[in-house]
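This is what each chain is made of:
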Amino acid sequence: MQKDIVIVGAGPAGIFTALELLKLGSDRKITIIEKGKAVENRSCPKTKVGHCVNCKNCNITTGFSGAGAFSDGKLSLSPDVGGELPDLIGREKIAETIAYTDKIYLEFGADTHIEGIGNPEKIKEIRRKAISANLTLVDCPIRHLGTEKAQQLYYEIEQYLLKGGVELIFNTDVKDLIIENNECKGIVITENGVDVPYANKTIVATGRRGANWLEAACEAYDIKHRPGTVDIGVRVECRNEIMEEINNVLYEGKLVGHPKPFKNKVRTFCQNPGGYVAQENYDNDLAVVNGHSFKDKKSQNTNLSILCSHNFTTPFNQPIAYATMVGKLTNMLAGGSILVQRYGDILDGKRTWPKELSEGNVKPSLPDAVAGDITSAMPYRAMISILNFIQDVDKVVPGFASGETLLYSPELKFYSNKIDLDTHLNTSVKNLHCLGDSCGWTRGLMMASVMGVLMARELAQTQK
Ligand SMILES: Cc1cc2nc3c(=O)[nH]c(=O)nc-3n(C[C@H](O)[C@H](O)[C@H](O)COP(=O)(O)OP(=O)(O)OC[C@H]3O[C@@H](n4cnc5c(N)ncnc54)[C@H](O)[C@@H]3O)c2cc1C
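Note that residues are indexed from 1 along each chain, following the sequence as it is written. Given that this is a predicted model, residues contribute local features only at a pLDDT of at least 70 and side-chain atom pairs are listed and counted only at 80 or more, while totals for whole chains, interfaces and linings are drawn from all residues.

1. Things to note about the nonpolar core
Formally: Here a nonpolar core is just a set of buried residues of the types Ala, Val, Leu, Ile, Met, Phe, Trp, Tyr and Cys, joined wherever their C-beta atoms sit within 7 Å. Partly exposed residues are those whose C-beta has more than 12 but fewer than 20 other C-beta atoms within 10 Å; with 20 or more the residue is buried, with 12 or fewer it is exposed, and the C-beta atoms are placed from the backbone. Secondary structure is summarised from DSSP: a helix means a run of H or I of at least four residues, a strand means a run of E of at least two, and numbering begins at the N terminus for each. Working definition of a contact: two residues with C-beta atoms, positioned from the backbone, lying within 7 Å.
With 132 residues, the main nonpolar core has Y408 and M451 as its most contacted residues. Per-element tally for this core: the top contributor is helix 13 (residues 445-463), with 11 residues. When residues no more than four places from it in sequence are discounted, the contact partners of Y408 are V234, R235, E237, V277, V289, I338, L339, V340, L366 and A369.

Below, the structure written as structure tokens:
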């Protein structure tokens, strides 16, 4: 059956493409194919059984709204955060589109409060401390949806799309693309007997969990792409009291440094005041750590990730494969799970024992993480960069480098396969477009949503 527009993946990038097409009055028939469930049917069994049961399609990262549904729902309202789309499209246009997309989030029920702008004097003071520690504080106003509110908001969007006539096909895994003579003709589905292989326009928006799949398709069909930066790191958890100033003033303190001796870029990312450390599972049985926070239900801890960026040149240029190896090695040491170690134990050159975890002030908010030794799996360069960075952050946030601070591993960000795009978001293959985190240009909810909006505008133009 021939379709007009087929979108693979119902994450923010895919759903904002459909949403904006409806808002523009497009009469094109839109089909979204998603391997996970409708947002109202998504729930992580861990909330009932207390541990990860390794679902075939991880409910945290698959289904309507993608990795956004169970995310903390922090919308970063700055073009300087969330990926390199401004380099492609222009900073001003991205800033305008963020403002536009933010209004849509508000229409669907986002909290009107913006974090990180209310206290300029205190922000100045934090920046002064950051400068003394050789760190840069990135300005980024944040609209915090909260995990439970994010699910409701995306449910409203799902209903809006359905009412607008968008066809939503769930529990359906797209296996391949149909590409002939450098033109994309549609997709291949082998499960569930769904019959939608042919499409005039195919939009791939498969997120980080679909990045591997898209990279393989790039190799198979010569879709022009290049290796990008891979981020390897840890999720740090400490008591709210330690993070109080940054939590209250900024909600998320985005600090960037280039610690000695390697001078790789190291940064804080995805801070969750009163939040919970979370596990997400990828298709190849890879368990990685993440974090989120609810709007109302709060823990006594704050978590955030510290990511160390790596670039490869020659002869090795497969950053996703490199990060996957690091992740698998860490999982192996943890019996297939997430490892956790106290910062002080790393400095003392010893593993952490389960009993020791219960002795400190910081009670792990991911209780099924396995106490052990993350240094046995983390590459030396990344580990040293992260440890030195933690000491720099301690100058801005006294107590951050306390011996009881917890480090969970692996935290890996799979957005390192960068698809070559022109300014109209065309790939090198006719009628194929790639969006969001899987194409390497975005790394967050707002920027992925913005890319969807821009894609819709391009599609609406070509319709005329
Ligand atoms: C726990 C957690 C917390 C986070 N917190 C934040 C935050 O606070 N702020 C922020 O900005 N970002 C956050 N993020 C990141 C954010 O969720 C992503 O950057 C964003 O969702 C990317 O959007 P996307 O549309 O590109 O991809 P995704 O949201 O990953 O969506 C891709 C979709 O494609 C589907 N898919 C993949 N492959 C296939 C296939 N072959 N066939 C069919 N469907 C397929 C997947 O099931 C998925 O639903 C968080 C992520 C996680 C996991």
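2. Some thoughts on the site of the ligand
Convention followed: The C-beta atom of each residue is placed using the backbone, and any residue whose C-beta lies within 6 Å of a molecule or strand is treated as near it. Residue polarity is assigned by list, with Asp, Glu, Lys and Arg as charged and Ala, Val, Leu, Ile, Met, Phe, Trp, Tyr, Cys and Pro as nonpolar; anything else, Gly included, falls into the polar class.
For the ligand, the set of nearby residues contains 46 residues, the closest of which are G9, G11, G66, G207 and G436. Secondary-structure elements contributing two or more residues to the shell around the ligand are helix 1 (12-23), strand 3 (74-76), strand 14 (276-282), strand 15 (286-292) and helix 13. A per-class count over the shell around the ligand returns 16 nonpolar, 20 polar and 10 charged.

3. Notes on the sheet that holds strand 19 (residues 406-413)
Which entries qualify depends on this criterion: We treat two strands as partners when DSSP finds at least two bridges between them. To obtain each axis, a line is fitted to C-alpha atoms, and for helices this fit is confined to the stretch in contact; angles are then taken between N-to-C directions over 0 to 180 degrees.
Strands sit in the order 4-12-13-16-11-19-17-18 across an open sheet of 8 strands; the sheet is mixed. The open sheet has two edge strands, strand 4 (136-138) and strand 18 (370-371), and neither has a second partner. Packed onto the sheet, helix 8 (residues 240-250) meets strand 11 (230-239) and strand 16 (301-310) and runs at close to 110° relative to strand 11.

4. So, the packing of helix 5 (residues 120-132) against helix 8
So the rule is basically this: Any angle that falls under 35 degrees is termed roughly parallel, while one over 145 is termed roughly antiparallel, one within 65 to 115 roughly perpendicular, and all others oblique. Handedness of a crossing is defined here by the sense of rotation of the near helix relative to the far one, left-handed for an anticlockwise turn of less than a right angle and right-handed for a clockwise turn.
As a packed pair, helix 5 and helix 8 sit with axes 10 Å apart at the nearest point and diverge in direction by 135°. Judged by the inter-axis angle, helix 5 sits oblique to helix 8. Two packed elements cross with a definite hand, and for helix 5 against helix 8 that hand is left-handed. Listed contacts from helix 8 to K122, I123 and I126 of helix 5 are I246, V249 and L250. Counted by class, the contact of helix 5 with helix 8 contains 5 nonpolar, no polar and 1 charged residues.

5. Describing the pairing of strand 2 (residues 30-33)
Worth spelling out the cut-off: Orienting the strands away from the viewer, one traces the path from the first strand over the helix to the second; a clockwise path indicates a right-handed crossover.
Burial along strand 2 is two-sided: I30 and I32 and T31 and I33, pointing in opposite directions, are all buried. Where strand 1 (residues 2-8) and strand 2 come together, 4 bridges link them in parallel fashion. When the bridges of strand 2 are listed, I7 appears paired with I32. What joins strand 1 to strand 2 is helix 1, and the crossover it makes is right-handed. As paired strands, strand 2 and strand 6 (residues 167-169) are joined by 3 bridges and run parallel to one another. Bridging from a neighbouring strand, I33 pairs with I169 of strand 6.

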